[in-house]
Amino acid sequence: MFDLTRAFDLPILDWIADHLWCLILDRIMPIITHLGDAGILWIALTVLLLFLPKHRKTGLAMGIALVMGLLICNLWLKPWVGRLRPFDYVEQCFGRVIPLLINAPKDFSFPSGHTIASFEAATVLLLRHKKWGIPAAILAGLIAFSRLYLYVHYPTDVLAAMALGIGIGLLSNFLVNQGAALYQQRTLQ
């Protein structure tokens, strides 16, 4: 039987460890990953946008996306899939301890919550404010990569979270646009 973890995920993580781990990135990657902790950066930006009348719809779309991502990723998919973190898997299957640069996450691995929240927010910002969306997308990509660099997620965790985050961002933006159009129709009647 094909084992995706051994055939695809671990070779990529080990390549990153063998070729990219260095003192500079060892200091930078934990900082980048902490920007995505509990989605706090994206939540703070959402709250700020909700208080700015000109950007309220953007804040609403981001808020809807973040709530959907929390429900889908953290409350449903992670417990349902129940995938071990890569550092735990390597230790259990191969007896090799991976040195972590951050505290070991206690929840399951699939999908990456940091990545899904980052891509939800970045997608909404790209759709509504390209000028803000481009830096947000770059930061989202860095946060996603940091999860691999730090050996706390598999590439498939991150890829699935990217796809889900983009999809949820698109959906929440659509919902806000539809809601705004309905509201305008009703106020004109």
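Up top you'll find the structure we're talking about.
Here the structure is a predicted model, which is why all the values come from computation and not from measurement.

Rules and cut-offs
- Residues numbered from 1 in each chain as written.
- Predicted model: local features only at pLDDT ≥ 70, side-chain atom pairs only at ≥ 80, totals over all residues.
- Heavy atoms only, no water.
- Helix = DSSP H or I, 4+ residues; strand = E, 2+ residues; numbered from the N terminus.
- Buried < 20%, exposed > 50% of the residue type's maximum accessible area, 1.4 Å probe, protein only.
- Contact = heavy atoms within 4.5 Å.
- Areas by Shrake-Rupley, 256 points an atom, 1.4 Å probe, with all protein chains shown as cover.
- Lys, Arg positive; Asp, Glu negative; His and termini not counted.
- Charge placed at Lys NZ, Arg CZ, Asp CG, Glu CD.
- Phe/Tyr/Trp six-rings, centres within 6.5 Å; stacked < 30°, edge-to-face > 60°.
- Lys NZ or Arg CZ within 6 Å of the ring centre and 35° of its normal.
- Arc of directions from axis to C-beta.

1. Let's talk about the overall build of the protein chain
For the protein chain, the count of helices and strands is eight helices and zero strands. Taken over the C-alpha atoms alone, the protein chain extends approximately 70 × 40 × 25 Å along its principal axes. Across the 189 residues that make up the protein chain, the buried fraction comes to 43%. Put simply, 81% of the contacts in the protein chain that link residues at least 6 apart link residues at least 24 apart. Only carbon and sulfur atoms are counted for the fraction: they give 70% of the accessible area of the protein chain, which is about 10400 Å². Taken together, the 15 basic and 11 acidic charged side chains of the protein chain have centroids lying 17 Å from each other.

2. Structural notes on the packing of aromatic side chains
Summed over the entire model, instances satisfying the criterion amount to five aromatic pairs. Measuring from ring centre to ring centre gives 6.4 Å for Y89 and F94, while their planes differ by 75 degrees; the resulting arrangement is edge-to-face. Feature note: the residues W21, F145, Y149 and Y151 constitute an aromatic cluster, connected by ring pairs. Here the basic side chain of R83 rests over the ring of Y154, its NZ or CZ set 3.7 Å away from the ring centre.

3. Describing unusual backbone geometry
Put simply, F110 and P111 share a cis peptide bond, and its omega is -10 degrees. Residue placement: P111 occurs in the loop between helix 5 (86-94) and helix 6 (113-128). Phi angles above zero are rare outside glycine, and A38 is one such case at about 55 degrees. The class for A38 is exposed, based on a relative accessible area of 70%.

4. Thoughts on helix 5
What helix 5 keeps buried is the set P86, F87, Y89 and V90. Projected down its long axis, helix 5 shows its buried positions confined to an angular sector of 160 degrees, all on one face. Buried residues along helix 5 sit against helix 1 (4-19). G95, located one to two residues past helix 5, shows a positive phi value of around 70 degrees.

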